[in-house]
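# Structure at a glance
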Amino acid sequence: MTQFTEYPSFNALTEHFSRINQIHLRTHFAQNPSRCNQFSIEFNNFLFDYSKNHITQETIDLLLKFAEEIELKSLIEKMFSGEKINFTENRAVLHTALRNQSDRPVMVDGQDVMPGIKSVLDRMRTFTDKVRNGHWKGFSGKAITDIVNIGIGGSDLGPYMVTEALKPFNQDGLNIHFVSNIDGSQLTDVVEKLNQETVLFVIASKTFTTQETMTNANSAKKWLCRSMNHADIVNHFVAVSTNAEAVVEFGIDAENMFEFWDWVGGRFSLWSSIGLPIALYIGMDRFDELLDGAFQMDEHFRNVNFANNIPVIMGLLGFWYNHFFQCKSHAILPYDQHLHRFPAYLQQAEMESNGKSVNRDGQVIDYSTCPVIWGESGTNGQHAFYQLLHQGTHMIPADFILPVKPYHDLQQHHDILTANCIAQTEALMMGKTKDEVRQELESSGVDEASINHLSPHKVFKGNKPTNTILFDQLTPRNLGSLIAMYEHKITVQGCLWGINSFDQWGVELGKQLAKQVLVDIDSETMTGQHDGSTQQLIAFYKKYK
Ligand code: G6Q
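Description of the structure in this document. (Residues numbered from 1 in each chain as written. Predicted model: local features only at pLDDT ≥ 70, side-chain atom pairs only at ≥ 80, totals over all residues. Heavy atoms only, no water.)

## Considerations on the environment of Tyr 281
The criterion, for reference: Where helices and strands are cited, they refer to DSSP runs of H or I of at least four residues and of E of at least two residues respectively, numbered from the N terminus. The criterion used for residue contact is that any of the two residues' heavy atoms lie within 4.5 Å.
On the secondary structure map, Tyr 281 appears in helix α12 (residues 276–282). The sequence separation of Tyr 281 and Cys 370 amounts to 89 residues, and the corresponding C-alpha distance is 33 Å. Excluding residues that lie within four positions of it along the chain, Tyr 281 makes contacts with Arg 132, Thr 163, Leu 166, Lys 167, Phe 169, Asn 170, Leu 174 and Ile 176.

Rendered as C-alpha cells:
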C-alpha cells in the first residue's frame, strides 16, 4: 500500500503548510472579506460554513488533489455497491442500503438486499402502529406506556441520541428509557418507576451474546416475573438481532424478533431495526423521514463533486489539522439541548471507527489517526471548558451546530442561544489583541499600572478554527442528514489514513480479560495469572464486597 507521504499532493501540502501556517485567520478575512462565499456549501436547508479555517483556495485544491490521488472516489463506490471493504471481518459496509430510497438494487454476494430491508421496515411499521395505538396489550390487557431499550454501544447510543433529539415528535405519550450499563443501578433506577403490566422491553443486540445486555435482559425478565407467569412475558419482550437462535432460547417469540444483517456495523445501525425504539417513540412515518434525510446526504456524498461535498471537505479539514497542525482533539458543540447526546454518539462513531494504528496492509503506522472527539451542548460548555478553547495551549478545531428554529415559543431564549453560538465562532477566530485590550481598559478608566498588570491575561490570540453547521430546524429529515454527514466524514478520514474504519478489534481484549477477572472474583482462590496491581485490586474487592 502506498504511504500517503509518497503522494505528490502530500508533498505539495507539506510545502504549502509551511507557507500559510503563520497567517492569522484575521488576516485571511481582512484580505478576502467574502471568503465565506468561497468556503461555504449549501445542501437542502443546511449551510456549512467552513471559512473560519486555516485554508486558502490553494489548500483546498491541494487537499482535493490528495483525495483524488488516494482514490477516495473508488472507496466510496465500493462502500455503496456492497464490496466487502471491512476485510478483517469479511463484511460489506451497507448502512447506506438501509436508507436507500431509490429503486436501485444493492448486491451482497450476488443477492439484492433491498427486499429484505423493506420487509423488515414493513414489519416495524405494523408492530409500532400496534403498540402506539394501544392494540398491543400487556399480559393483563393494558396498553403499553413505557418502552425500555436494553442494549449497549451501537445498540444504544444511536437510538438514545435520536430519541432525545426528536423529543418534540413524541406526541402520543409513549415513554422511552435506555438501559445499557452493566451497573445494576441503571436498570434498577429505570424499572423502579415502571408498572410491569404496561412495559415493553426491546432487547437490542446484534450478537445476542453481549455480557451487559444479556445480564440486563435476564434481570428484566426476573423483575417481570415478580408479577406475571413466565409464559406471559412474551407480551413484554421483543428482540432486535441477527441471532434468531439465541433470541428464541432467551424466551422471545421468533415472531417478535426484528432482524438485521452482518453488513450493518453496530455504530452505523440506528437505520436498521436497531432503530425500533425510535420508530416506537416518534412513529414510523417520522422514522421514514429520518431515513430519507440520511439518503439525501448519501446522494450528496456519492454524486456531488468533492469541492462541494460536505463530508469530503469535513474529512479533509480534519486530516489537515490532525496531520499538519498536530491537533489531537476535536470538539462537537451543538447549540440545541435536544442534541445533548450527539457528542457522545460521535465519540463512538468516530473513535471506534478511526482509532486505529495499523494500516490496511497490517503495517504499524507512524502518524496519528482519529483525534479525541468530545463536546457538550451550548451554552453549558461556554461556562465550563471554553476557557481552554480560547486561551489554552492547544488548538482544538470545533464544529458549531445550530438549528435556526426552535420547537418552543421562547424566541428570546433562542435568539440569545444563537447569538452565543455565532459570537463564539467569531471570538475564537478573531481573538482580542493587546492593543484592543488596552483601549478597552483605558476607556473604562483603568490606571496605567493595572493595565500593564492585567492586559496579558485578557489577550485572546484567536486564530482558532471552527466549522459552523446551520439548518432550518431539528426535524427527523434534517437529523438524518446531519448524522449521515458525520458518518461519511468518518469514511473519508479512514480512507485518507489508509485504515479500516469498519472493524473494532480494540474493544475485545478488555472483554476477554474481564471474564477471567470475574472467575477470580467468584472463586475462593486466584486462578488467573495477573500482574501485581491487578491481583491487589481483585483481592481488595473480594475483602470488602
Ligand atoms: C459498534 C460496536 C459495538 C456494539 C456493541 C453491542 O460498532 O460493534 O458498540 O454495537 O458491542 O453489540 P451487540 O449489538 O452485539 O450487543
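## Structural notes on the pairing of strand β13 (residues 466–473)
The condition is simple: A 1.4 Å probe rolled over the protein chains alone gives each residue an accessible area, and that area as a share of the maximum for its type sets the label: buried under 20%, exposed over 50%, partly exposed in between. Pairing between strands requires that DSSP locate at least two bridges from one strand to the other.
Taking burial as the measure, the 8 residues of β13 include 6 buried ones, the bulk of the element. The pairing of strand β2 (residues 46–49) with β13 spans 4 bridges and is antiparallel. What sits directly across from Phe 46, in β13, is Phe 471. The pairing of strand β12 (residues 398–405) with β13 spans 7 bridges and is classified as parallel. Of the residues in β13, the one forming a bridge with Lys 405 is Gln 473.

## Considerations on the packing of helix α1 (residues 8–20) against helix α4 (residues 57–69)
Spelled out, the test is: For helices, the fitted axis covers only the stretch in contact; all axes are lines through C-alpha atoms, and the angles between them, taken along N-to-C directions, range from 0 to 180 degrees. Just so you know how the angles are binned, under 35 degrees is roughly parallel, over 145 roughly antiparallel, 65 to 115 roughly perpendicular, and the rest oblique. Each helix crossing is assigned a hand: it is left-handed if the near helix lies turned anticlockwise from the far helix by less than a right angle, otherwise right-handed if that turn is clockwise. Note on residue categories: nonpolar means Ala, Val, Leu, Ile, Met, Phe, Trp, Tyr, Cys or Pro, charged means Asp, Glu, Lys or Arg, and polar means any other residue, Gly included.
Relative orientation of the contacting elements α1 and α4 amounts to 160°, with a least axis distance of 9 Å. Judged by the inter-axis angle, α1 sits roughly antiparallel to α4. The chirality of how α1 crosses α4 is left-handed. Mapping the contact onto sequence places Pro 8, Ser 9, Phe 10, Ala 12, Leu 13, His 16, Arg 19 and Ile 20 in α1 and Glu 58, Thr 59, Leu 62, Leu 63, Lys 65, Phe 66 and Glu 69 in α4. The class makeup of the residues in the contact of α1 with α4 is 8 nonpolar, 3 polar and 4 charged.

## Some points on unusual backbone geometry
In the segment running from Gly 378 into Thr 379, the intervening peptide bond is cis, with an omega of 0°. By the element assignment, Thr 379 lies in the loop between β11 (372–375) and α16 (386–391). In this structure, Asn 44 takes a positive phi of about 45° despite not being glycine. Inspection of the secondary structure assignment puts Asn 44 in the loop between β1 (40–43) and β2. In the Ramachandran plot, Asn 90 falls in the positive-phi region, its phi being about 55° despite a non-glycine side chain. Mapped onto the elements, Asn 90 comes out in the loop between α5 (72–80) and α6 (95–98).

## Some remarks on the side chain of Thr 198
Mapped onto the elements of the fold, Thr 198 is located in the loop between α9 (184–191) and β7 (199–204). When neighbours within four sequence positions are excluded, Thr 198 is seen to be in contact with Lys 142, Ala 143, Ile 144, Thr 145, Asp 146 and His 236.

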